[in-house]
Amino acid sequence: MKIHEFQAKEIFSRYSIPVTKETVCYTTDEVCTASERLGYPVVVKAQVHAGGRGKAGGVKLARTLDDAKNAANQILGMDIKGYTVEKVLVAQGVKFNKEFYVGMTIDRNTKSVLFMASKEGGVEIEEVAKDNPEAILKFPIDPELGMAPFLARKIAFQLFDDFSLVKQGADLFQKLYKIFLDTDSSLVEINPLVITDDGNLLALDGKMNFDDNALFRQKEIEALNEPTEDEKKEIQAKESGLTYIRLDGNIGCMVNGAGLAMASMDVIKHFGGQPANFLDIGGSSNPQKVIDAMNLLTSDKNVKVIMINIFGGITRCDDVAKGLVTALEQLKMDIPIVIRLSGTNAEEGLRIIASQNLPVVGSLSEAAQEAIRLVNAM
Amino acid sequence: MSILINKDTKVLVQGITGRDGSFHTGKMKDYGTNIVAGVSPGKGGQTVHDIPVFNTVEDAVKATGATVSIIFIPAPIAGDAILEAADGGIKLVICISEGVPTLDMVKATAYLKKKGVQLIGANCPGLITPGESMIGILPGNIFKKGNIGLMSRSGTLTYLMVSLLTQAGLGQSTCVGIGGDPVAGLYYEELLEMFQNDPETEAIVLIGEIGGDAEERAAQYIKNHVTKPVVAFIAGQTAPPGKRMGHAGAIISSGSGSAEEKIAAFESIGVPVARLPIDIPKLMKELLSK
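Asks: Can you break down the interface of chain A and chain B residue by residue, with the values?
Replies: Taken together, the contacts link 44 residues of chain A with 54 residues of chain B. Summing the contributions of chain A and of chain B, the shared interface buries around 3,800 Å²; its carbon and sulfur component is 65%. Among the residues of chain A in contact with chain B, A:R108, A:K111 and A:F311 are the three that bury the most area, contributing 19% of the side total. Remark: the boundary between chain A and chain B carries two salt bridges. The partner of B:K114 in a salt bridge is A:E144, with the nearest N and O atoms 3.5 Å apart. It is helix 9 (residues 258-270) of chain A that contributes the most residues to the side of chain A that touches chain B, 10 residues altogether. When its residues are assigned to classes, the side of chain A that touches chain B shows 20 nonpolar, 12 polar and 12 charged.

What follows is the structure in structure tokens.
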């Protein structure tokens with residue numbers, strides 16, 4: 001789950017990490033009022049769940065009321081990577097002389113929180129990682145030690161020359177690590193962290209992502225969730241125990257297991273077809289899930305054919321078959337279906353399906369080819 | 001021989017009185033797995049499928065000598081169950097639970113490392129040494145005793161691959177589902193080492209998926225340490241970037257973790273990568289006949 005810059009900075013503030021003075025605004029009028037109050041210059045920044053806002057024209061400096069008004073008019077309502085800008089952050093302009101990057105994420109290889117820092121802040125860190133990987137310092141944090149004061153100092157000494165900044169930095173890194181743990185983050189970034197003209201560290205930007213598996217114990221964070229239309233569908237699916245991701249093709253897929261679902265998409269593409277979605281109905285045997293899944297698939301108007309690929313383990317093929325029969329009776333749909341079933345209780349499943357005159361094929365490759373043939377025949 | 005488990009392995013089930021725990025305990029017992037104890041706090045003294053239940057892992061280990069534990073505990077408290085297993089004297093923990101918070105796994109893997117305890121999962125289907133022991137939720141009937149060692153990040157895709165191998169007459173020494181989470185226990189490198197050292201394993205199948213760089217690291221390890229034939233498959237060849245494909249670990253981010261890069265890493269060191277699942281047995285037979 002992602003949150004906006006202003007929300008991340010609110011969390012930073014709560015841990016007394018210094019951030020810019022700023023206000024969230026939803027209208028041009030609000031932007032004007034906020035700008036007058038903060039005093040010029042101000043920076044008007046689009047608040048959307050997408051990176052590269054600056055490049056997209058979603059960040060503008062305003063030195064006058066007219067500037068602020070123009071910036072608000074331009075940015076509010078603009079589209080950034082498929083997200084419509086509904087709110088902007090008006091932040092006090094700050095004079096600074098140096099930009100740094102600091103961030104934390106989970107490192108799969110060391111199985112720990114990885115602290116990253118760079119003197120090349122203010123640009124996209126992915127670019128730095130590609131062009132000049134040595135410029136990013138990396139410190140895996142031993143979970144038992146945490147961000148010990150000595151470690152925070154060690155990192156700070158590599159970034160800052162002035163001892164007063166080293167002390168500020170070490171303090172900030174410890175707070176940032178605490179935020180990461182306290183909120184079950186999967187990513188925390190300050191880019192840039194700047195040295196202001198009066199010699200203090202300040203978080204000019206902020207970014208936080210969270211571990212979806214931990215939201216059950218992060219109610220305050222969960223409340224900040226602003227899903228897009230597609231994400232709403234994904235959340236709705238998740239509530240029925242399904243994992244759904246909409247894609248652009250026309251062959252609807254219903255599969256049990258994430259790996260098998262990905263492989264099914266791959267096989268469809270391999271034979272020249274276009275999957276309409278990733279849909280994992282998960283591990284339990286509940287006919288209702290199949291009904292929900294069929295509803296979901298048929299709600300996508302692009303779906304011309306449905307391919308069902310089940311390998312029973314925990315999932316029982318007869319339960320899938322029962323759910324399918326019920327779904328077909330309820331939905332009265334005219335979308336053709338191709339089915340492949342094997343594993344636990346496959347024979348019973350196939351017997352149930354046989355009564356419905358549905359086409360059953362033996363292998364995943366055959367299923368994909370049959371689905372593509374049906375699409376092409378339309 | 002096999003890796004990690006065999007017919008003598010004494011198994012403990014944490015969460016044995018729950019719906020899934022009890023159901024799969026029955027399935028494992030039917031397969032012939034030597035299940036000696038269950039743990040369910042507050043239910044010590046009961047039995048499930050004639051297996052004695054204890055209040056704590058420590059009690060169960062003392063009474064039965066169990067060395068391996070399988071966990072069927074709800075994800076929010078599964079991390080604690082892993083810690084309890086390691087503290088209680090278990091040597092190998094298999095965590096089936098799906099959706100364990102990542103930071104809980106960071107804490108658990110660090111503690112297990114300190115204790116010298118091995119972990120498989122979380123969010124995995126478990127492992128099987130066909131004909132001897134199945135510890136997990138795997139459909140036992142598709143496996144066949146043989147000489148192929150298999151490791152995979154995905155459960156049902158493993159079933160598909162195994163049934164294709166079995167149909168082609170290629171049995172398995174041990175199959176391990178390592179799970180789909182970003183922070184997990186035993187991974188490719190450790191298992192490759194075990195299979196390389198296992199006299200009964202002749203060849204290895206590695207089933208990876210998009211996300212992270214574990215497959216690239218595995219390729220590097222194979223190049224330096226593995227002399228046995230290896231065949232690979234990567235799921236998610238057509239997955240769009242930035243979308244998490246079900247598994248918490250399966251996401252292509254910041255231009256890395258794509259199937260293309262992983263396939264290239266294997267092929268550059270001479271490990272053939274099947275484009276379709278159905279090609280796995282064919283590639284394996286070609287390698288074995290060389």
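Asks: Could you give me a rundown of helix 9 of chain A, with the residues and numbers involved?
Replies: Residues and elements named next belong to chain A. Helix length check: helix 9, at 13 residues, gives a terminal C-alpha distance of 18 Å against a target of 18 Å (1.5 Å per residue), a fit within 8%. The element helix 9 is largely enclosed, with a buried count of 11 among its 13 residues. The set of residues buried in helix 9 consists of A258, G259, L260, A261, M262, A263, S264, M265, D266, V267 and I268. Among the residues trailing helix 9, G272 stands out with phi positive, at a value near 95°.

Asks: Now, about the pairing of strand 6 (residues 92-95) of chain B: what can you tell me, with residues and values included?
Replies: Residues and elements named next belong to chain B. Judged by which residues are buried, strand 6 turns out to be covered on both faces: L92 and I94 on one side and V93 and C95 on the other are all buried. Across four bridges, strand 5 (residues 68-71) lies against strand 6 in parallel orientation. When the sheet's bridge partners are listed, S69 is paired in strand 6 with V93. For the segment spanning strand 5, helix 3 (residues 75-87) and strand 6, crossover handedness is right-handed. Where strand 6 lies against strand 7 (residues 118-121), four bridges are found, and the strand directions are parallel. Pairing of L92 across the sheet is with Q118, part of strand 7.

Asks: Let's hear about the domain arrangement of chain B: which residues, and what values?
Replies: Residue and element names in this part refer to chain B. Its domain assignment divides chain B into domain 1 (11-121) and domain 2 (139-288). Contacts between the two partners involve nine residues from domain 1 and, on the opposite side, 10 residues from domain 2. Across the interface of domain 1 and domain 2, roughly 820 Å² is buried in total on both sides, 64% from carbon and sulfur atoms. When the buried area of domain 1 at its contact with domain 2 is split by residue, Y31, I120 and G121 rank highest and sum to 43% of it. Taken together, the links from domain 1 to domain 2 amount to zero salt bridges. For the side of domain 1 that touches domain 2, the elements supplying multiple residues, two or more each, are helix 4 (102-115) and strand 7. For the side of domain 1 that touches domain 2, the class distribution of residues is five nonpolar, four polar and no charged.

Asks: Please provide a residue-by-residue account of the sheet that holds strand 4 (residues 51-54) of chain B, values included.
Replies: All names here are of chain B. If you trace the seven strands from one edge of the open sheet to the other, you get 3-4-2-1-5-6-7, paired in mixed fashion. With one partner strand each, in any of the chains shown, strand 3 (47-48) and strand 7 form the two edges of the open sheet. Packing against the sheet, helix 2 (residues 57-64) makes contact with strand 1 (11-14), strand 2 (35-39) and strand 4, and its axis sits at approximately 160° to strand 2. In this fold helix 4 packs onto strand 6 and strand 7, with an angle of close to 150° to the strand it touches most, strand 7.

Asks: Outline unusual backbone geometry, supporting the account with residue identities and numerical values.
Replies: With omega at 0°, the peptide bond leading from A:Y40 into A:P41 counts as cis. Residue B:A122 is bonded to the preceding B:G121 through a cis peptide linkage, with omega at 15°. Within the secondary structure layout, B:A122 lies in the loop between strand 7 and strand 8 (126-129). One non-glycine residue, A:K111, lies in positive phi territory at about 55°. Relative to the assigned elements, A:K111 resides in the loop between strand 7 (96-107) and strand 8 (112-118).

Asks: Lay out the domain arrangement of chain A with the relevant residues and their values.
Replies: Per the domain assignment, the segments making up chain A are domain 1 (8-14 + 96-226), domain 2 (21-93) and domain 3 (229-376). Once you take the C-alpha centre of each, domain 2 of chain A and domain 3 of chain A turn out to be 44 Å apart.

Asks: For the packing of helix 5 (residues 149-159) of chain A against helix 6 (residues 163-182) of chain A, give the residues involved together with the corresponding values.
Replies: Residues and elements named next belong to chain A. At a minimum axis separation of 8 Å, helix 5 and helix 6 run at an interaxial angle of 130°. Classified by the angle their axes make, helix 5 and helix 6 are oblique. Classified by chirality, the crossing of helix 6 by helix 5 is right-handed. On helix 6, the residues touching P149, A152, R153, I155, A156, F157 and L159 of helix 5 are F163, V166, G169, A170, F173 and Q174. By residue class, the composition of the contact of helix 5 with helix 6 is 10 nonpolar, two polar and one charged.

Asks: Could you give an account of the pattern of salt bridges, naming the residues involved and the relevant values?
Replies: All names here are of chain B. For the structure on display, the rule yields 28 salt bridges over all chains. Between E215 and R153 there is a salt bridge, with its nearest N and O atoms 2.7 Å apart. One end of the pair, E215, is in helix 7 (residues 214-225); the other, R153, is in the loop between strand 10 (145-152) and helix 5 (155-167), and 62 residues separate them in sequence. Each member of the pair, E215 as well as R153, is classed as buried. Among the salt bridges present, the one from K262 reaches E215, with a minimum N-O distance of 2.8 Å.

What counts and what doesn't
Residues numbered from 1 in each chain as written. Chains lettered and ligands numbered in written order. Predicted model: local features only at pLDDT ≥ 70, side-chain atom pairs only at ≥ 80, totals over all residues. Heavy atoms only, no water. Contact = heavy atoms within 4.5 Å. Buried area = accessible area lost by both parts, 1.4 Å probe. Salt bridge = Lys/Arg side-chain N within 4 Å of Asp/Glu carboxyl O. Helix = DSSP H or I, 4+ residues; strand = E, 2+ residues; numbered from the N terminus. Nonpolar A, V, L, I, M, F, W, Y, C, P; charged D, E, K, R; others polar. Expected span 1.5 Å × (residues − 1). Buried < 20%, exposed > 50% of the residue type's maximum accessible area, 1.4 Å probe, protein only. Pairing = 2+ DSSP bridges. Right-handed = clockwise from strand over helix to strand, strands pointing away. Domains from an automatic or database assignment. Axes fitted to C-alpha atoms, helices over the stretch in contact; angles between N-to-C directions. Parallel < 35°, antiparallel > 145°, perpendicular 65-115°, else oblique. Left-handed = near helix turned anticlockwise from the far one by under 90°.

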